[in-house]
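Architecture and fold: a report
Residue-level listing of the chains:
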2 protein chains.
Amino acid sequence: MSTIYQATTSAPVNIACIKYWGKRDTTLILPTNSSLSVTLSQNDLSSTTSSSTSPSFPTTLLWLNNLPPEQIDLPSLSSSTSPSAVADTRLTRCLLQLKKLRKELVEDKDPSAPKMSEWNLHIASYNNFPTAAGLASSASGFAALTASVAALYGLNTFSSEQEQGQGNDPLVSASQLSLIARLGSGSACRSLFGGFVSWSAGSLPSGTDSLATQIAPASHWPTLHALICIVNAQKKATSSTSGMQRTVQTSALLQHRITDVVPRRMEGIIDAIKDRDFDAFGRITMDDSNQFHAVALDTSPPIFYMNDVSRSIILLIEELNRVSLLTSRHLVAAYTFDAGPNAVIYAEEKHIPTIVNLVLRYFPLEPGTFEDKLGVLGGKDASQVGGGVPDGFDQGVVPGAFGVGTLKGLIHTRIGDGPRMLGKEKSLLGEDGMPKSKVVG
Amino acid sequence: MSTIYQATTSAPVNIACIKYWGKRDTTLILPTNSSLSVTLSQNDLSSTTSSSTSPSFPTTLLWLNNLPPEQIDLPSLSSSTSPSAVADTRLTRCLLQLKKLRKELVEDKDPSAPKMSEWNLHIASYNNFPTAAGLASSASGFAALTASVAALYGLNTFSSEQEQGQGNDPLVSASQLSLIARLGSGSACRSLFGGFVSWSAGSLPSGTDSLATQIAPASHWPTLHALICIVNAQKKATSSTSGMQRTVQTSALLQHRITDVVPRRMEGIIDAIKDRDFDAFGRITMDDSNQFHAVALDTSPPIFYMNDVSRSIILLIEELNRVSLLTSRHLVAAYTFDAGPNAVIYAEEKHIPTIVNLVLRYFPLEPGTFEDKLGVLGGKDASQVGGGVPDGFDQGVVPGAFGVGTLKGLIHTRIGDGPRMLGKEKSLLGEDGMPKSKVVG
């Protein structure tokens with residue numbers, strides 16, 4: 001029986017501070033504006049992908065979250081690179097690009113290297129966070145897929161030294177791989193780095209300049225933490241893929257955001273990150289989240305992602321900041337919302353207790369829906385804690401406390417690193433290249 | 001005892017289709033962009049003001065909605081016209097301008113005319129709709145005040161012939177009086193006309209070109225009706241006066257709206273009104289309402305006026321229109337929201353039953369909170385009616401039916417005329433110039 005090669009990587013979730021909303025090319029997934037995100041710790045949120053290849057695999061198979069496998073039809077490299085005969089999907093585009101790199105950079109240079117580019121793949125992917133959490137899993141998912149196959153093909157080993165700018169250069173840099181992850185899901189390109197990551201809009205029709213680069217690693221600002229407020233949403237919102245193109249087609253304000261507002265904000269937030277200036281970082285982050293939802297509302301028909309709970313969280317954080325500006329001249333927290341009602345609140349570690357108490361006062365949680373990493377609650381369960389507010393805080397900014405379960409959960413996390421190589425024990429696939437865990441359904 | 005002169009007028013509420021949001025001069029109340037509104041029928045919503053003057057009145061007094069009187073200190077015209085000694089308020093600015101016109105156009109020309117410009121005033125004003133309705137009463141209120149004093153001073157008699165462009169020209173046109181009403185409350189200038197009214201932003205620092213003109217009288221489009229959905233709001237929103245200036249100061253998108261979007265929409269909606277083209281009228285109205293709320297959201301800190309109920313009404317109307325566009329290629333309804341959660345829905349009379357049924361299906365009303373003028377409910381009370389939806393309507397666009405009382409009321413009204421002169425029997429003041437009805441508190 002022939003050898004079975006394997007690699008497993010995990011990749012992080014990223015949350016944008018400068019939002020990506022609108023494509024200039026929907027096939028290559030080229031954005032109308034640059035964006036900037038913060039990578040969250042994989043200890044709390046990550047996607048893991050194991051990929052395996054062998055001359056013995058009769059077909060290419062994909063297992064997602066333990067569901068039955070999908071068969072993927074890939075054209076062979078020897079044929080045309082623009083696959084017309086077989087399905088041309090986001091996934092096949094990513095895999096084809098990786099195979100091309102394997103062939104050109106490894107197999108063509110070293111005749112003894114296994115001809116993996118000609119073999120089928122077995123790929124299994126899994127998110128360690130419930131889809132119900134309403135956190136976009138496509139970014140971490142496609143980043144993990146790209147990283148895993150890149151590792152399998154010997155293109156990149158994702159060592160943390162490398163991310164810190166030390167260590168040997170890989171055959172293919174993370175930025176080059178971000179071009180491939182982008183083909184799967186735009187924001188996935190930002191999940192190929194840890195810390196603070198910029199995705200440049202680029203201007204080339206080919207998209208080869210629309211890639212992600214790291215502004216600073218997580219170690220640059222370790223005291224910056226994040227609280228994710230998971231809102232119990234009643235209704236599925238417009239998909240971001242269709243929603244953003246409706247905005248491109250109908251919003252009278254989007255073009256001004258693209259040409260005048262975002263470039264200024266990108267410069268401003270990059271300086272803020274380099275200086276660890278939370279006041280500037282926070283204000284730009286909040287303003288850009290609001291502007292993203294403003295252009296969604298300026299769409300015809302309008303698109304809504306935030307609900308009354310989201311808005312109440314905004315009002316509470318703005319009031320918290322108002323009081324803090326009066327007393328200390330500094331912001332304490334910054335909210336941001338993606339294409340859904342969940343809030344991500346950034347703050348310096350020292351302010352997390354204040355924010356958790358404020359959130360719990362207005363949004364009591366079910367028992368066990370918050371892991372109190374800082375011991376903010378003194379061992380009590382979130383459901384037992386009333387929570388307090390700072391002096392001068394106007395408790396009337398929102399109608400009053402919401403019912404238990406209005407928030408489904410609260411996740412306290414940090415800024416994290418980029419894709420990680422994982423050992424065999426973490427692999428989703430066995431030695432035989434088949435899933436270890438039982439497939440559901 | 002000396003003669004007591006008196007006049008009583010009512011003035012209508014107006015709802016903007018192209019929204020006024022932002023001042024270029026906060027004292028003269030000069031807007032950053034032109035706006036356009038529809039005047040609603042005074043049979044349903046109006047403010048009535050009686051004004052009275054006499055050499056025997058020792059002070060100028062104002063009774064608002066039967067509350068105890070406020071004393072108003074007005075500088076005499078003979079002294080400076082820019083009153084520094086006494087309080088300079090929106091009200092005193094209006095009254096001073098009216099006194100100046102009385103002196104210049106009447107008393108200086110006819111020595112026998114009573115010197116009303118030197119006498120004190122008694123003014124009583126009353127809204128026939130509850131403030132609880134959350135409908136802006138400042139527009140109709142200041143329009144009624146201006147019209148009433150103008151009538152008292154013999155400057156304008158507000159005959160309907162005059163509004164139709166027939167009859168004699170008054171000493172002071174409604175447009176000239178709109179400059180005065182504007183000093184009290186910006187949108188009040190639009191309530192000096194019936195039908196479809198434009199308020200031009202103007203460019204002069206003096207503001208003399210920032211006045212209202214009638215695009216078409218109510219009789220031009222008598223089948224255009226309005227449904228006002230009164231939403232049970234939990235919390236008082238940011239006042240529009242402070243909110244709009246925060247937008248002017250902080251929104252990165254407002255300037256683009258002012259310079260590029262609104263001028264185009266003003267032309268488009270004026271053409272639509274002239275052609276009675278509901279499709280164009282409705283789409284522009286909905287888009288501009290959404291854009292107004294978008295720039296409010298783009299404000300730092302953000303401003304929210306719509307809530308989840310408002311948004312559900314939008315989603316229902318957009319779905320109703322989607323179905324109608326498929327079957328008839330026409331819109332059936334257009335929503336618009338001012339600085340609060342209430343919806344005003346415009347539609348042709350023939351579509352009102354469909355819309356009422358749709359609204360009642362999702363928002364059951366308390367008994368007696370809807371006056372069924374068209375007999376849509378077949379004599380039943382709104383609380384007994386289930387309501388239906390058209391074929392192909394996706395009932396899942398909103399989470400489902402809301403509780404009884406989510407909407408406080410539903411008002412079915414039409415387009416109406418401008419200020420009306422009312423007879424003695426309707427006066428709020430007696431022969432003695434004192435309020436007829438008992439003052440509360």
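Not measured: the values here are computed from a predicted model.

**A word on the sheet that holds strand β5 (residues 35-39) of chain B**
Residue and element names in this part refer to chain B. Read across the open sheet, the four strands follow the order β2-β5-β10-β11; overall the sheet is antiparallel. Each end of this open sheet is capped by a strand with a single partner; those strands are β2 (14-18) and β11 (212-216). Between one strand axis and the next, the sheet turns by 35° as a mean value, whatever way the strands run. Where strand β10 (residues 196-199) and β11 come together, four bridges link them in antiparallel fashion. Pairing of Val197 across the sheet is with Gln214, part of β11. Helix-sheet contacts for helix α7 (residues 278-297) involve β2, β5 and β10, and the interaxial angle to β2 is about 95°.

**Quick word on the packing of helix α1 (residues 90-107) of chain A against helix α4 (residues 174-184) of chain A**
Residue and element names in this part refer to chain A. Axis separation between α1 and α4 bottoms out at 7 Å; the angle between their running directions is 160°. In terms of orientation, α1 lies roughly antiparallel with respect to α4. Considering how the two elements wind past one another, α1 and α4 form a crossing that is right-handed. Here Arg90, Arg93, Cys94, Gln97, Leu98 and Leu101 of α1 come into contact with α4, specifically with Leu177, Ile180, Leu183 and Gly184. Broken down by class, the residue content of the contact of α1 with α4 amounts to six nonpolar, two polar and two charged.

**Section: the interface of chain B and chain A**
Between chain B and chain A, the contact holds 33 residues from the first and 33 residues from the second. For the chain B and chain A pair, buried surface summed over both sides reaches about 2600 Å², with 67% attributable to carbon and sulfur atoms. For the pair chain B and chain A, the interface holds two salt bridges. For Asp308 of chain A, the salt bridge goes to Arg311 of chain B, with nearest N and O atoms at 3.1 Å. Applying the counting criterion to the chain B and chain A interface returns 11 residue pairs in polar contact (both at pLDDT 80 or more). Every element with two or more residues in the side of chain B that touches chain A is listed here: α6 (254-274), α7 and α8 (308-328) of chain B. For the side of chain B that touches chain A, the class distribution of residues is 16 nonpolar, eight polar and nine charged.

**Some details on the side chain of Asn14 of chain A**
Residues and elements named next belong to chain A. When you line up the elements, Asn14 lands in strand β2 (residues 14-18). For Asn14, the side chain forms a polar contact with the side chain of Ser37, separated by 3.5 Å. Within polar-contact distance, the side chain of Asn14 engages the side chain of Ser191 at 2.8 Å. When neighbours within four sequence positions are excluded, Asn14 is seen to be in contact with Ser37, Val38, Thr39, Ala139, Ser187, Arg190 and Ser191.

**Digging into α4 of chain A**
Residues and elements named next belong to chain A. Within α4, 10 of the 11 residues are buried, leaving the element largely enclosed by the surrounding structure. Here α4 has its buried residues at Ala174, Ser175, Leu177, Ser178, Leu179, Ile180, Ala181, Arg182, Leu183 and Gly184. Buried positions along α4 lie against β4 (30-31), α1, α2 (138-152), β10 (196-199) and β11 (212-216).

**Notes on the relation of the copies chain B and chain A**
The transform that puts chain B on chain A rotates by 180° and translates by 0.0 Å along the axis, for an RMSD of 0.0 Å. On the angle and the small slide along the axis, the relation comes out as a two-fold axis. Relative to the rotation axis, the C-alpha of Ala294 of chain B is the closest in chain B, positioned 2.2 Å from it. Same-surface contact between copies: 100% of interface residues of chain B are shared with the interface of chain A.

**Looking at the sheet that holds strand β12 (residues 224-231) of chain A**
Residue and element names in this part refer to chain A. Strand order in the open sheet made by the four strands is β13-β14-β12-β15, with antiparallel pairing throughout. Each edge of the sheet is formed by a strand with only one pairing partner; in this case those strands are β13 (334-337) and β15 (407-414). Looking at each pair of strands side by side, their axes are set apart by 20° on average, direction ignored. Sheet topology note: the β13/strand β14 (residues 343-348) ladder contains four bridges and is antiparallel. Within β14, the residue paired with Thr336 across the bridge is Val344. Contacting β12, β13, β14 and β15, helix α8 (residues 308-328) runs over the sheet at an angle of about 160° to β13.

So, how was this worked out
- Residues numbered from 1 in each chain as written.
- Chains lettered and ligands numbered in written order.
- Predicted model: local features only at pLDDT ≥ 70, side-chain atom pairs only at ≥ 80, totals over all residues.
- Heavy atoms only, no water.
- Pairing = 2+ DSSP bridges.
- Helix = DSSP H or I, 4+ residues; strand = E, 2+ residues; numbered from the N terminus.
- Axes fitted to C-alpha atoms, helices over the stretch in contact; angles between N-to-C directions.
- Contact = heavy atoms within 4.5 Å.
- Parallel < 35°, antiparallel > 145°, perpendicular 65-115°, else oblique.
- Left-handed = near helix turned anticlockwise from the far one by under 90°.
- Nonpolar A, V, L, I, M, F, W, Y, C, P; charged D, E, K, R; others polar.
- Buried area = accessible area lost by both parts, 1.4 Å probe.
- Salt bridge = Lys/Arg side-chain N within 4 Å of Asp/Glu carboxyl O.
- Polar contact = N/O pair within 3.5 Å; in protein donor to acceptor, adjacent residues only side chain to side chain.
- Buried < 20%, exposed > 50% of the residue type's maximum accessible area, 1.4 Å probe, protein only.
- Least-squares fit on C-alpha atoms with pLDDT ≥ 70 in both.

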